[in-house]
Amino acid sequence: MASKFLVSNRTGWLMAGPSILLIAGFIVLPFLFAILFSFTNQRLVSPNAAEFVGFANYRQLLDVTTLTVEPERDAAGAVVMEDGAPKYPSVRSLTRNNPDRPDLNGMREWFSFGHGDSRTYVLARDVVFMKALVNTFIFVLVVAPVQGGLALGLALLINQRLRGINVFRTIYFMPVVVSIVVVSLLWRFIYDGQSGLLNNLLSALSFGAIPKVDWLGNPSTALGAIIAMSIWQAVGFYMVIWLSGLQTISPTLYEAGAIEGASKWQTFRYITWPGLRNTTVLVLIVITMQAFALFAQIDVMTGGGPLDSTQTIVFQAVERGYGKQDISGGSTISVVLFVIVLSISLIQRWLTREKS
Amino acid sequence: MTKLKLAAALLAATTWGGTALAQQTLTMWYHGAGNDVEQKLIGEVIADFNASQTDWKVELQSFPQAAYNDSVVAGALAGNLPDILDVDGPNMPNWAWAGYMQPLKIDETKIAEFLPGTKGIWNGELYSIGLWDAAVAMVTRQSTLDALGLRTPTLDQPWTKDEFMDALAKAKASGKCEYALDLGMAWTGEWYPYAFSPFLQSFGGDIVDRSTYKTAEGALNGDAAMAFGEWWQSLFKDGYAQATQDPADRDGGFNSGKYCFSWNGNWAALGSLAAFDDVLFLPAPDLGNGPKIGAASWQFGVSAKSQHPEGAAAFIEFALQDKYLAAFSNGIGLIPATPSAAALTENYAPGGKLAVFFDLSAKQGLVRPVTPGYVVQAKVFEKAVADIANGADVAATLDAATDEINADIEKNNGYGH
């Protein structure tokens, strides 16, 4: 029995058909494969048939534990000091070939903190992935509000009837049209440690007071540099979405506001912002999803380095799946990322729901 | 549209030609797209071969080097490989193990004189053969050595570790150059394992234990490897070399006097010779376990799916003539695979400007680990040396690399070793 939904929408299905087929073939199907592969030891290049390994890939990826160690004591029981701090046995001596704790074999220090005399090490089986996870979250937490806010600011600026306003719209939108790979290559030159544009600019503005910084070669600046560049690159895209939202707000509301003597802030707070409700939800969710997919900039600009300071989830998925021919490892990361993005989107949806 | 028509016409012509002459077409993939000189050279070999006999007709398809390996893997997954494959030496075992390649049946006497690095041997069988090899040398100037009061090392008596470190210290103290040593840190990718793992091997360590190829434990995190790691880190910590390098400095830094010593390959040698008239190509220093440099470059082999391996082998055998070895060497600066071909070249003939590279390759060359797992091990090693250069803890980094390599070997059931 054909439902009304299917029959009366024949034209609709016809029009949606091509993209549904493409999405099913190139996104849904590969993703189902990824879920399947994540439970096997599938390789990219191998004569061995894949075998089911259960949750081994997930355990390898997500296993985290803590280890608390006491400082070394000398014969008298006093704490051995080294460079003014208590000396602890090396993590290596505790995790490798330790008959007491075979479960720690293959785990590495992620970070550690001290309390009292003892020190607690947080060990992870896959430290690089943990760092990628943290970096990606930092990226999302900075990019989502800053990029969304800047885009809204730009949209308000260009939402005016001025002569030549299209020139500004075009300028702001231009980086979106240029391929991200090209943009990344250009910014690599801008961030160059010696003769880069940014260093020359800072040095000229400060009359040489600001020393040259190797922006992408320094673990403390590399991620920040990529965040700044990514915000600049895509801000124009969200500006256009905000702009379309702004133009759906009825001018009569603004007229009424003006007659009532509303200030600029009041106009924004009580007319523009509520009118942009749905746009806000859209922009927030799209930026978050885009930010989680951070890959091209990393691939072109840093390759995850220096010292893993710019590792990201998607970069690791590609690096493992193709670079290290470990399709199952890459698939596992993809599935984990899917779960993360899905839950965050659902939370965002719930937080921004219509309260009736 | 015209292009399409032209292609159709060409296709029709070749199919018709093929049937008329009862020739069997062999397809060949090559990594040299974008390099006109290389394209012309390989084109000449193919044209000569096609004209020399009537059984086979080789057709060339070129890929850009950066996309070549991916194309082969994709082609293999789609069951669509050519008859003749071009393969980077250290990758060959991976492809042979995966069933992309079959042993190469050519007359053994023809390659008796070939440099050891040009022979792709895995599991006791020849799979690929190279028309050339590549070598790395410590590039410097006679005037630099004189100014710093350093002994000129020779192949028989290379610098010891102490002499090498003394040279770096003197170079730094002299202020003659911005950095004492240019290692080529800008060339991320295969350069790292190719150029830097010989240092590790010269210390007595290795990327993987070559006696079994089943573990990296002890090889990559043993005492020798730890000593290598500390030494490697000190090069950057003590300010002899940069951990991150501007690609432009790698390409032109030595030639403009920015570096006193440059660890660079024979392909860059002509540029240095043009920049200075007293350039020297010094052998690798002996860091304790003998001086070592990487060996093996691109080679030719036969794909496993080829219906006509004898034709493919005939072509490869044909290409191994000295005149082609010499032509490639003259055209793109590579080291010809045989002494007789070297004698035909401008630069590698005895007494030639680059002849030292032929001797380096013959005497110090060591192939990278001959295992299907090398492809992964190279990536792991690259990250480890980059991290150590950037200041990561040596023992923890090498342990992590060892664990990752071991996990990978285990995941692949020992890679058939």
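Given the structure is predicted, the values throughout are model-derived calculations rather than measurements.

Asker: Requested: an account of the overall build of chain B, with residues and values cited.
Answerer: From N to C terminus, chain B includes 16 helices and 15 strands. Its C-alpha atoms put chain B at 75 × 50 × 50 Å along the principal axes. Out of the 417 residues in chain B, the part that is buried amounts to 52%. Taking all contacts inside chain B whose residues are at least 6 apart in sequence as the whole, residues at least 24 apart take part in 75%.

Asker: Describe unusual backbone geometry, with residues and values.
Answerer: Residue and element names in this part refer to chain A. In this structure, Asp308 is a non-glycine residue whose phi angle is positive, near 65 degrees. If you trace the backbone, Asp308 turns up in the loop between helix 13 (296-301) and helix 14 (313-323). Its identity as a non-glycine residue notwithstanding, Gln325 has a phi of 60 degrees, on the positive side. Tracing the backbone through its elements, the reader meets Gln325 in the loop between helix 14 and helix 15 (327-351).

Asker: Explain the nonpolar core to me, and be specific about the residues and the numbers.
Answerer: Ile84, Ala137, Leu181, Phe315, Ile316 and Phe357 of chain B are the most contacted members of the largest nonpolar core, which has 126 residues in total. Sorting elements by how many residues they give to this core places helix 15 (residues 374-389) of chain B first, with eleven residues. Split by domain, this core shows at least three residues from each of two domains, domain 1 (24-131 + 297-367) and domain 2 (136-292 + 373-416) of chain B. Not counting residues within four places of it along the chain, the set of residues in contact with Phe357 of chain B comprises Ala135, Ala137, Asn266, Ala269, Phe281 and Ile335 of chain B. Grouped together as the second largest cluster of nonpolar side chains are 52 residues, Tyr121, Trp187, Val235 and Met301 of chain A included.

Asker: With reference to specific residues and values, describe the packing of helix 12 (residues 277-292) of chain A against helix 15 of chain A.
Answerer: Residue and element names in this part refer to chain A. Where helix 12 meets helix 15, the axes come as close as 10 Å, and the angle between the chain directions of the two elements is 165 degrees. As far as their axial angle goes, helix 15 and helix 12 are roughly antiparallel. Crossing geometry of helix 12 relative to helix 15 is assigned as right-handed. Note on element contacts: helix 15 touches helix 12 through Leu337, Val341, Ile344, Ser345 and Gln348, opposite Leu284, Ile285, Thr288, Met289 and Phe292. For the contact of helix 12 with helix 15, the per-class residue count stands at seven nonpolar, three polar and no charged.

Asker: Go over the interface of chain A and chain B with me, naming the residues and quoting the values.
Answerer: Many authors give the size of an interface as the accessible area that is lost as the parts come together. Taken together, the contact pairs 24 residues of chain A with 23 residues of chain B. Of the residues in the side of chain A that touches chain B, the class split is five nonpolar, eleven polar and eight charged.

Asker: How would you summarise the domain arrangement of chain A if you had to cite specific residues and measurements?
Answerer: Here the domain parsing of chain A yields domain 1 (64-124) and domain 2 (128-325). Put simply, the middle of domain 1 of chain A and the middle of domain 2 of chain A, counted by C-alpha atoms, are 41 Å apart.

Asker: So what's going on with the sheet that holds strand 11 (residues 279-282) of chain B? Residues and values would help.
Answerer: All names here are of chain B. Read from one edge of the open sheet, four strands run 9-10-8-11, paired in mixed fashion. One side of each edge strand has no neighbouring strand; the edge strands of this open sheet are strand 9 (179-182) and strand 11. Across the sheet, the axes of successive neighbouring strands diverge by a mean angle of 20 degrees, strand direction being ignored. Relative to strand 10 (residues 259-265), strand 8 (residues 136-141) runs antiparallel, the two being bridged by four bridges. From the neighbouring strand, Ala137 faces strand 10, where its bridge partner is Asn264.

Asker: Please set out the domain arrangement of chain B residue by residue, giving values where relevant.
Answerer: Residues and elements named next belong to chain B. Once the domains are mapped, chain B shows domain 1 (24-131 + 297-367) and domain 2 (136-292 + 373-416). A C-alpha centroid distance of 27 Å is found between domain 1 and domain 2. Each side of the interface is counted separately: domain 1 has 17 residues, and domain 2 has 19 residues. The set of elements that each furnish at least two residues to the side of domain 1 that touches domain 2 consists of helix 4 (92-97) and helix 14 (355-364). In terms of residue count, helix 14 provides more of the side of domain 1 that touches domain 2 than any other element does, six residues in total. For the side of domain 1 that touches domain 2, the residue count by class is ten nonpolar, four polar and three charged.

Asker: Give me the lowdown on helix 10 (residues 251-260) of chain A, citing residues and values where you can.
Answerer: In terms of burial, helix 10 of chain A is a largely surface element, zero of the ten residues being buried. Gly261 of chain A, located one to two residues past helix 10 of chain A, shows a positive phi value of around 80 degrees.

Asker: Lay out the pairing of strand 1 (residues 24-30) of chain B with the relevant residues and their values.
Answerer: All names here are of chain B. In the sheet, strand 1 pairs with strand 2 (residues 56-62) via seven bridges, with the strands oriented parallel. Following the sheet pairing, Thr27 is matched in strand 2 by Glu59. Where the polypeptide runs from strand 1 across helix 2 (residues 36-52) and back to strand 2, its parallel neighbour, the crossover connection is right-handed.

Asker: Before we move on, could you go through the sheet that holds strand 4 (residues 108-115) of chain A and cite the residues and values that matter?
Answerer: Residue and element names in this part refer to chain A. Taken in spatial order, the three strands make up an open sheet running 1-5-4, and their pairing is antiparallel. Edge positions in the sheet fall to strand 1 (64-69) and strand 4, since each of these pairs with one other strand and no more. Pairs of neighbouring strands in the sheet enclose a mean axial angle of 20 degrees, with direction left out of account. One ladder, built from six bridges, connects strand 1 with strand 5 (residues 118-124); its direction is antiparallel.

Here is what the cut-offs are and how they apply
Residues numbered from 1 in each chain as written. Chains lettered and ligands numbered in written order. Predicted model: local features only at pLDDT ≥ 70, side-chain atom pairs only at ≥ 80, totals over all residues. Helix = DSSP H or I, 4+ residues; strand = E, 2+ residues; numbered from the N terminus. Buried ≥ 20, exposed ≤ 12 C-beta atoms within 10 Å, placed from the backbone. Contact = placed C-beta atoms within 7 Å. Core = buried A, V, L, I, M, F, W, Y, C linked by C-beta atoms within 7 Å. Domains from an automatic or database assignment. Axes fitted to C-alpha atoms, helices over the stretch in contact; angles between N-to-C directions. Parallel < 35°, antiparallel > 145°, perpendicular 65-115°, else oblique. Left-handed = near helix turned anticlockwise from the far one by under 90°. Nonpolar A, V, L, I, M, F, W, Y, C, P; charged D, E, K, R; others polar. Pairing = 2+ DSSP bridges. Right-handed = clockwise from strand over helix to strand, strands pointing away.

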